[in-house]
Amino acid sequence: MLLKLLILAAVGVMVYRFFGGKVPILDSEKRPKKKKPATEKEETMVECSKCGTWVVTEETTIINGRYVCDECV
């Protein structure tokens, strides 16, 4: 009986160490979500309604509610 408890404890310690000393089920709610650095700027890509290429919204013009790239204007 004692041998079974020792083996079970050893397996438990190995699993605990395998997950970096954290219990994933318990720590998932408390863990803060990763945020992007403030220096990174997120760019939104849109499809040009005339030629079909994907461009950044800064390089487009909205004509009649549709995005058109600067090359097609």
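Think of each chain on its own: its residues are numbered from 1, step by step along the sequence as written. With pLDDT at 70 or above as the cut-off, local features in this predicted model cover only qualifying residues; side-chain atom pairs require 80 or more to be listed or tallied, and sums for whole chains, interfaces and linings still use all residues. Hydrogen atoms and water are omitted, and side-chain values are computed over all heavy atoms in the structure.

Another aspect to go through is the overall build of the protein. Helical segments are the DSSP runs of H or I of at least four residues, strand segments are the runs of E of at least two, and each set is numbered from the N terminus. The number of helices and strands found in the protein is two helices and four strands. The linear arrangement of helices and strands in the protein, starting from the amino end, is α-α-β-β-β-β. Under the scheme applied here, a residue whose accessible area is under 20% of the maximum for its type counts as buried, over 50% as exposed, and between as partly exposed, the area being computed with a 1.4 Å probe on protein chains only. When each of the 73 residues of the protein is scored for burial, the buried share is 10%. Reported accessibility uses the Shrake-Rupley method at a 1.4 Å probe radius. Residues are deemed covered only where the shown protein chains occlude them. Surface accessibility of the protein: about 7,100 Å² in total, with carbon and sulfur atoms responsible for 60%.

Glancing now at the environment of D70. Along the chain, D70 falls in the segment after β4 (66-69). C-alpha separation for the pair D70 and E59, spaced 11 residues apart in sequence, amounts to 6.0 Å. Once residues lying within four places of it in the same chain are set aside, the contact partners of D70 are E59, T60 and T61. Any N or O atom pair separated by 3.5 Å or less is treated as a polar contact, with the protein-specific requirement of one donor-capable and one acceptor-capable atom, and with residues adjacent in sequence counted only for side-chain atom pairs. Side-chain polar atoms of D70 contact the side chain of T61, separated by 3.5 Å. Should any heavy atoms of two residues lie within 4.5 Å, those residues are considered in contact.

Where strand β3 (residues 60-63) meets β4, four bridges bridge the pair, whose relative direction is antiparallel. Following the sheet pairing, T60 is matched in β4 by C69. DSSP-based pairing: two strands are paired if at least 2 bridges between them are found. The antiparallel pairing of β3 with β4 creates a hairpin that spans two residues between the two strands, and N64 there sits at a positive phi of about 55°.

On to a negative patch on the surface. Note that patches include only residues with greater than 30% relative accessible area and no salt bridge, and the join distances are 9 Å for like charges and 5 Å for nonpolar side chains (Val, Leu, Ile, Met, Phe, Trp, Tyr). Here a salt bridge means any side-chain nitrogen of Lys or Arg lying within 4 Å of a carboxyl oxygen belonging to Asp or Glu. Positive charges come from Lys and Arg, negative ones from Asp and Glu, while His and the chain ends are left out of the count. Where a charge sits is defined by one atom per residue type, namely NZ (Lys), CZ (Arg), CG (Asp) or CD (Glu). A cluster of acidic residues, E43, E59, D70 and E71, forms a negative patch on the protein surface. Positionally, E43 belongs in the loop between α2 (24-27) and β1 (45-47). You can call E43 partly exposed: its relative accessible area is 46%.

Taken together, the side chains of L3, I7, V11, V15, F18 and F19 define a hydrophobic patch exposed on the protein surface, amounting to about 630 Å² of accessible area. Relative to the helices and strands, F19 resides in the loop between α1 (2-18) and α2. The partly exposed category is assigned to F19, whose relative accessible area is 44%.

A word on α1. With 17 residues, α1 should cover 24 Å at 1.5 Å per step; its first-to-last C-alpha distance of 24 Å lies within 8% of that length. α1 sits mainly on the outside: zero of its 17 residues count as buried. Positive phi appears at G20, one or two residues downstream of α1, with a value of about 75°. The span you would expect from a helix comes to 1.5 Å times its residue count less one.

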